[in-house]
Amino acid sequence: MIKNNNLIFDVGMHKGEDTLFYLKKGFNVVAFEANPELVSFCKKIFYKEIEEGKLIIVEGAIVDHKNDSNPNESIIKFYVNEKLSVWGTVDESWMKRNIKRGKDIKIIEVNKVNFNEALKKYGIPYYLKIDIEGMDRVCLNALLDFDQKPSYLSIESEKVSFNELKNEMDLLLKNRYSQFKIVNQENVAFQKEPKNSIEGKFIDYKFESGSTGLFGNDLPYNWLSYYRAIFRYILIFLGYKLLGDYGLISNRIFIKKLVLKFIKLFTKQPVPGWYDTHAKLNE
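Residues numbered from 1 in each chain as written. Predicted model: local features only at pLDDT ≥ 70, side-chain atom pairs only at ≥ 80, totals over all residues. Heavy atoms only, no water.

Asks: Please explain the sheet that holds strand β7 (residues 124-130) as it appears in this structure.
Replies: Two strands in a sheet stick together by hydrogen bonds in their backbones, pointing the same way (parallel) or opposite ways (antiparallel). An order of β3-β2-β1-β7-β8-β10-β9 is seen for the seven strands of this open sheet, with the pairing classed as mixed. Among the strands making up the open sheet, the edge pair consists of β3 (55-59) and β9 (177-184). Direction aside, neighbouring strands of the sheet carry axes that sit 20° apart on average. Strand contacts of helix α2 (residues 36-45): β2 (28-33) and β3, with the helix running at about 165° to β3, the strand carrying the most contacts. Seen against the sheet, helix α6 (residues 136-143) touches β1 (3-11), β7, β8 (152-156) and β9 and runs at an angle of roughly 150° to β8. (Pairing = 2+ DSSP bridges. Helix = DSSP H or I, 4+ residues; strand = E, 2+ residues; numbered from the N terminus. Axes fitted to C-alpha atoms, helices over the stretch in contact; angles between N-to-C directions. Contact = heavy atoms within 4.5 Å.)

As structure tokens, then:
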């Protein structure tokens, strides 16, 4: 299968924040979204690009077909987060985590999507952005079945279990991704697109908070080796351990605010933040 260097997969389209960026950069996009309300919203704002064949929206939730307990069923429960739509998921453990954080859940049924078949149908993209709560690794496992891989990909990194984070990194390495950039997503709104952009044309884009941001060689900073990336995540997880959602002082609001203010004063960085791992293929 030949890689399409003008194609991007936006896995976790949400409201099209990233899709809009990729389209404006001149790429064609195949976008995946499970929430029917968000699909309808995106079909309205991207109707022109859909008609022109620049955008295809795949409706439904990506599931692990290799370990599907109900393979004869074409639909699956999808847990809509009614306060934060970006947290919709088919993963029950993620759903329970969201409930613990005080979020209201609505259960709907959506179609299952086989990511392996989508890769066969639409081709191997140049860049693969993955952000589907709790199911990101399904896409990485699917790539193992293909000789061709996206030149670049990004995945929202695990932030609860360091062992699970390392499993993600090991899976990337198994897929021949050997260079990494770890991007604090709370900084994305401040990213500046380079005027000599390598990834498509320069459009002087202003990123929304919550979007994935720059990708590939347009990202600032140097690429890290596997071991340097792991060491960076060790430091990040120390921050999670202390200040994260389930950190040691997460319930001590006043103390946590003081500690965060002190750290940000010296580091000039959002702490503890949340991170995406960007990976570059060893071609």
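Asks: Whenever I open this one, a nonpolar patch on the surface confuses me. Can you help?
Replies: A cluster of nonpolar side chains, F231, I234, L235 and L238, forms an exposed patch at the surface whose accessible area comes to about 400 Å². Within the element layout of this structure, L235 appears in helix α8 (residues 226-243). (Patch = residues over 30% accessible without salt bridge, like charges linked within 9 Å, V, L, I, M, F, W, Y side chains within 5 Å. Areas by Shrake-Rupley, 256 points an atom, 1.4 Å probe, with all protein chains shown as cover. Salt bridge = Lys/Arg side-chain N within 4 Å of Asp/Glu carboxyl O.)

Asks: I'm lost on α2 in this one. Help?
Replies: Side chains of residues three or four places apart in an α-helix project in the same direction, reflecting 3.6 residues per turn. By the burial criterion, the buried members of α2 are L38, V39 and C42. Within α2, the buried residues cover an arc of 105° as seen down the axis, which keeps them to one side. When the buried face of α2 is taken as reference, the exposed residues oriented beyond 90 degrees from it are E37 and K44. Contacts made by the buried residues of α2 are with β2 and β3. Its side-chain oxygen placed 3.0 Å from the backbone nitrogen of E37, N35 serves as the N-cap of α2. (Buried < 20%, exposed > 50% of the residue type's maximum accessible area, 1.4 Å probe, protein only. Arc of directions from axis to C-beta. Polar contact = N/O pair within 3.5 Å; in protein donor to acceptor, adjacent residues only side chain to side chain.)

Asks: I'm lost on the sheet that holds strand β5 (residues 75-81) in this one. Help?
Replies: With respect to topology, three strands assemble into an open sheet ordered β4-β6-β5, the strand pairing being mixed. Bordering the open sheet on either side are β4 (61-62) and β5, each of which pairs with just one other strand. Relative to strand β6 (residues 105-113), β4 is paired through two bridges, and the arrangement is parallel. Looking at the pairing, A61 lines up with K112 of β6.

Asks: Would you explain the pairing of β1 in this entry?
Replies: Each regular strand shows side chains that alternate between the opposite faces of the sheet. Examined bridge by bridge, β1 and β7 share six bridges and lie parallel to one another. Across the sheet, residue F9 finds its bridge partner in β7, namely L128. Across five bridges, β1 lies against β2 in parallel orientation. Residue pairing across strands places V11 opposite F32, the latter belonging to β2. Once the chain exits β1 it traverses helix α1 (residues 17-24) before rejoining the sheet at β2, and the crossover so formed is right-handed. (Right-handed = clockwise from strand over helix to strand, strands pointing away.)

Asks: Looking at this structure, I do not really get the packing of α6 against helix α7 (residues 162-174). What am I missing?
Replies: Helix-helix packing: each pair is described by the crossing angle between the helix axes and the interaxial distance. At a closest axis distance of 10 Å, the pairing of α6 and α7 adopts a crossing angle of 25°. If you check the angle between α6 and α7, you find them roughly parallel. The hand of the α6/α7 crossing is left-handed. Between α6 and α7, the contacting residues are R137, L140 and N141 on the first element and E164, N167, E168, L171 and L172 on the second. When its residues are assigned to classes, the contact of α6 with α7 shows three nonpolar, two polar and three charged. (Parallel < 35°, antiparallel > 145°, perpendicular 65-115°, else oblique. Left-handed = near helix turned anticlockwise from the far one by under 90°. Nonpolar A, V, L, I, M, F, W, Y, C, P; charged D, E, K, R; others polar.)

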